[in-house]
Amino acid sequence: QLQLQESGPGRVKPSETLSLTCTVSGGSISSSSNYWVWIRQPPGKGLEWIGSIYYSGNTYYNPSLKSRVTMSVDTSNNQFSLKLSSVTAADTAVYYCARLLTVEQPPDFWGQGTLVTVFS
Amino acid sequence: QSALTQPASVSGSPGQSITISCTGTSSDVGSYNLVSWYQQHPGKAPKLMIYEGSKRPSGVSNRFSGSKSGNTASLTFSGLQAEDEADYYCCSYAGSGTFEFGGGTKLTVL
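Residues numbered from 1 in each chain as written. Chains lettered and ligands numbered in written order. Predicted model: local features only at pLDDT ≥ 70, side-chain atom pairs only at ≥ 80, totals over all residues. Heavy atoms only, no water.

### A few points about the pattern of salt bridges
All names here are of chain A.
In step 1: Inspection of every chain in the model, using the stated rule, returns six salt bridges over all chains.
In step 2: Between Asp-91 and Arg-40 there is a salt bridge, with the nearest N and O atoms lying 2.8 Å from each other. Taken as a pair, Asp-91 in the loop between strand 8 (79–84) and strand 9 (93–100) and Arg-40 in strand 4 (residues 35–41) lie far apart in primary sequence, 51 residues in all. The residues Asp-91 and Arg-40 share a single accessibility class, namely buried.
In step 3: Across the salt bridge formed by Asp-108 and Arg-99, the nearest N and O atoms sit 2.6 Å from each other. (Salt bridge = Lys/Arg side-chain N within 4 Å of Asp/Glu carboxyl O. Helix = DSSP H or I, 4+ residues; strand = E, 2+ residues; numbered from the N terminus. Buried < 20%, exposed > 50% of the residue type's maximum accessible area, 1.4 Å probe, protein only.)

Quick look at the structure:
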């Protein structure tokens, strides 16, 4: 069974960079056609797609966040990562990593999520 | 503001049938048969309930069904049960590798 686990600091200061890693187990991050995605959910609010990445490094980003987002893949450790720069309080959210079976299929396997709070 | 529009809340009694709508545009819901629905209980990750508009992943009850007409997708519960009480989100592929979510609907079982 595929499992995903987010990790990273739970608190980030305004204007700094949020960095999270998702570790994939029970399957290979290099599986053909699979994409890997970050999604966030501010407290009490809805879901927001941040971006998707293929093991080759091909990425798609949410246009509203594109200028601040960088995603990368580490195939040797079966991990992928998210960096979000210049954070503000509006970036406080539970951040989820998940898998896409193909680039256009919805996320099916999700991590449990990790809360990141932007505080001063 | 979310790209896809859902009612903020719906409610029903056990055994009742309920439908949640998800309205998008001709650039997302209307262009692709790639609408999905998620169930989210408090403090939990979303669970995929419907994909490609009407398909159910293995293990999802056939009480849940999905459909689409034009730019609006729908999730229908047949025979509402107490454990169905949760938040529900629609999601649509929007082309060029992008996705959009609805704002979510809180389902209350009376």
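### Points about the interface of chain B and chain A
In step 1: Every contact between the two is made by 18 residues of chain B and, on the other side, 20 residues of chain A.
In step 2: On the chain B side of the contact with chain A, Pro-46, Phe-99 and Phe-101 of chain B bury the most area, a combined 35% of that side's loss.
In step 3: On inspection of chain B and its partner chain A, the count reaches zero salt bridges.
In step 4: Across the chain B-chain A interface, the total number found is seven residue pairs in polar contact (both at pLDDT 80 or more).
In step 5: When residues of the side of chain B that touches chain A are traced back to their parent elements, those giving at least two are strand 3 (35–40), strand 7 (86–93) and strand 8 (99–101) of chain B.
In step 6: The dominant element in the side of chain B that touches chain A, judged by the number of residues it contributes, is strand 3 of chain B, at three residues. (Contact = heavy atoms within 4.5 Å. Buried area = accessible area lost by both parts, 1.4 Å probe. Polar contact = N/O pair within 3.5 Å; in protein donor to acceptor, adjacent residues only side chain to side chain.)

### Section: the environment of Cys-22 of chain A
Residues and elements named next belong to chain A.
In step 1: Here Cys-22 shows up in strand 3 (residues 18–25).
In step 2: In this structure Cys-22 comes out as buried when scored by relative accessible area, which is 0%.
In step 3: Cys-22 has contacts with Leu-4, Gln-5, Glu-6, Trp-38, Asn-78, Gln-79, Phe-80 and Cys-97, leaving out every residue within four places of it along the chain.

### What about the side chain of Asn-62 of chain A?
In step 1: Turning to its location among the elements, Asn-62 of chain A is positioned in the loop between strand 6 (59–61) and strand 7 (69–74).
In step 2: Setting aside residues no more than four positions away along its own chain, Asn-62 of chain A makes contact with Glu-48, Trp-49 and Ile-50 of chain A.

### Re the nonpolar core
In step 1: Formed by 25 residues in total, the largest nonpolar core has its most connected members in Leu-18, Trp-38, Phe-80, Leu-82 and Tyr-95 of chain A.
In step 2: Listed by contribution, the elements that provide at least two residues to this core are strand 3, strand 4, strand 5 (48–54), strand 7, strand 8, strand 9 and strand 11 (114–118) of chain A.
In step 3: Counting residues per element, this core draws most heavily on strand 3 of chain A, which supplies four residues.
In step 4: Non-local contacts of Leu-82 of chain A, meaning those with residues more than four positions away in its chain, are made with Leu-18, Ser-19, Leu-20, Trp-38, Ile-50, Val-69, Thr-70, Met-71 and Tyr-95 of chain A.
In step 5: With 21 residues, the next largest nonpolar core counts Val-10, Val-29, Val-35 and Leu-80 of chain B among its residues. (Core = buried A, V, L, I, M, F, W, Y, C linked by side-chain atoms within 4.5 Å.)

### Observations concerning the sheet that holds strand 1 (residues 3–7) of chain A
Hydrogen bonds between backbone groups are what pair the strands of a sheet, and the pairing can be parallel or antiparallel.
Residues and elements named next belong to chain A.
In step 1: Overall, antiparallel pairing links the four strands, which are arranged 1-3-8-7 in an open sheet. Only two strands of the sheet have a single partner each, and these edge strands are strand 1 and strand 7. Strand-to-strand twist in this sheet, taken as the mean axis angle between neighbours without regard to direction, amounts to 20 degrees.
In step 2: Relative to strand 8, strand 3 runs antiparallel, the two sharing six bridges. When the sheet's bridge partners are listed, Ser-19 is paired in strand 8 with Lys-83. (Pairing = 2+ DSSP bridges. Axes fitted to C-alpha atoms, helices over the stretch in contact; angles between N-to-C directions.)

So far we have only geometry, and geometry alone does not tell us how the molecule works.
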